[in-house]
Amino acid sequence: MTGIARTLRVLATAAAALLAVTAFSPPALAVPEPRAPREFVDLRSVDPTVLTEMRYATAHTFMGEAVDGYRRPVCILTRPAAEALRTAQRRLVRQGYSLKVYDCYRPQRAVDHFVRWAKDLDDQVMKGEFYPRVDKSRLFADGYIAEKSGHSRGSTVDLTLVRLPARPAGPYVPGEELVPCYAPRGERFPDNSVDMGTGYDCFDTLSHTDDPRIGGEQRANRQLLKGTLADAGFVNLPEEWWHFTYRPETFPDTYFDFPVDRRSVAGH
């Protein structure tokens, strides 16, 4: 046998052995998605009357696309926070209002998505609605975007008030003409909430809960929301009229990353 033939036979034998090993190797196991601790619940299981419009599961966001980690439009919260919302909801319904949640628990992967977007200064598709007067290069410095969010701890919620009986919210059509989030209510995106002076996620100082330029009915609506939630144990973030955290937090130092999906809290 020539040296070349011997070499080819050795290579063929090695290849056959490799194929045999590959054929009988067990498949790589998929890494399971993290699940929520048992302290987390779907808000619907605690109070199904609270309205939901989970914006980050849709394209109607300040980025113009759905956010990483939002698999389903479901509000997940720690149980104490959900039960406190139920208390506030019962009080508001007697006055002819309902709560409507925009965002609840937010996975860290979603926050990371915000950060990547904020660093891409060329992507300003939704500027006309959400941050008309803010230079995108200022989003971190001005506190609109951060690398960590209290939402990821599970006891923070973004929400508003809707007058009952609730009328449908207007549909968002990607590519439609954008109107500033601080425009008069009849001109900006047709949310079905009461008039809070700005839309949700409006990157503007007019969103500060007690901004002195907000008066009349708009101020009264903000104070009704803030006062009712304060009585139920929530603390408002002064820079955002819609942002509230239940205290004491169940997980004050933990930032979770399980997806927003009913399967994350199945059986809780």
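The structure this text deals with has already been given above.
Residues numbered from 1 in each chain as written. Predicted model: local features only at pLDDT ≥ 70, side-chain atom pairs only at ≥ 80, totals over all residues. Heavy atoms only, no water.

### Thoughts on the state of the cysteines
Here comes step 1: Counted by the stated rule, this structure contains 2 disulfides.
Here comes step 2: Between the sulfur of Cys 75 and that of Cys 104 lies a disulfide, 2.0 Å long from S to S. On the sign convention where negative is left-handed, the bridge of Cys 75 and Cys 104, at about -105° about the S-S bond, is left-handed. Pair noted here: Cys 75 is in the loop between strand E2 (51-52) and strand E3 (76-78) and Cys 104 is in the loop between strand E4 (97-103) and helix H4 (108-119), with a separation of 29 residues, a long-range link. With respect to burial, Cys 75 and Cys 104 carry one shared label: buried.
Here comes step 3: Paired by a disulfide, Cys 181 and Cys 202 hold their sulfur atoms 2.0 Å apart. Measuring the twist about the S-S bond at about 60°, one finds the Cys 181-Cys 202 disulfide to be right-handed. Here Cys 202 lies in the loop between strand E5 (156-163) and helix H6 (216-231) and Cys 181 lies in the loop between E5 and H6, a separation of 21 residues in the sequence. (Disulfide = S-S within 2.5 Å. Helix = DSSP H or I, 4+ residues; strand = E, 2+ residues; numbered from the N terminus. Buried < 20%, exposed > 50% of the residue type's maximum accessible area, 1.4 Å probe, protein only.)

### So, the packing of aromatic side chains
Here comes step 1: Per the counting criterion, the structure on display carries 21 aromatic pairs.
Here comes step 2: Look at Tyr 144 and Phe 203: their rings are 5.1 Å apart centre to centre, the planes differ by 15°, and that puts the pair in the stacked class. Within this pair, whereas Tyr 144 is found in the loop between helix H5 (127-130) and E5, its partner Phe 203 is found in the loop between E5 and H6, the two being separated by 59 residues in sequence.
Here comes step 3: Taking the relative accessible area as the measure of exposure, Tyr 144 reaches 22% and is therefore partly exposed.
Here comes step 4: Of the aromatic side chains, those joined through ring pairs into one cluster are Tyr 56, Phe 62, Tyr 70, Tyr 102, Phe 114, Trp 117, Tyr 131, Tyr 144, Tyr 200, Phe 203, Trp 241 and Trp 242.
Here comes step 5: Of note, Lys 136 hangs over the ring of Trp 117, and the distance from its end group to the ring centre comes to 3.8 Å. (Phe/Tyr/Trp six-rings, centres within 6.5 Å; stacked < 30°, edge-to-face > 60°. Lys NZ or Arg CZ within 6 Å of the ring centre and 35° of its normal.)

### A few points about the pattern of salt bridges
Here comes step 1: What the rule picks out here adds up to 21 salt bridges.
Here comes step 2: Residue Asp 142 pairs with Arg 138 through a salt bridge whose shortest N-O separation is 2.8 Å.
Here comes step 3: According to the relative accessible area criterion, Arg 138 is partly exposed, its value standing at 42%.
Here comes step 4: Taken together, the shared-partner salt bridges connect Glu 33, Arg 71, Arg 109 and Asp 257 into one network. (Salt bridge = Lys/Arg side-chain N within 4 Å of Asp/Glu carboxyl O.)

### Quick look at the pairing of E4
Here comes step 1: Burial analysis of E4 places 7 of its 7 residues in the buried class, which makes it a mostly covered element.
Here comes step 2: Across 2 bridges, E2 lies against E4 in parallel orientation. By the bridge assignment, Leu 51 is partnered in E4 with Lys 100.
Here comes step 3: Where E4 lies against E5, 6 bridges are found, and the strand directions are antiparallel. In the sheet register, Asp 103 faces E5, and the bridge partner there is Asp 158. (Pairing = 2+ DSSP bridges.)

### Examining H6
Here comes step 1: Here H6 spans 22 Å end to end across 16 residues, near enough to the 22 Å set by a 1.5 Å rise per residue.
Here comes step 2: For H6, the set of buried residues is Asn 221, Arg 222, Leu 225, Thr 228 and Leu 229. Down the axis of H6, the sector holding all buried residues measures 140°, keeping them to one side. For H6, exposure combined with an orientation more than 90 degrees from the buried face picks out Gly 216 and Asp 231.
Here comes step 3: Trailing H6 by a residue or two, Gly 233 shows a phi angle of about 105°, which is positive. (Expected span 1.5 Å × (residues − 1). Arc of directions from axis to C-beta.)

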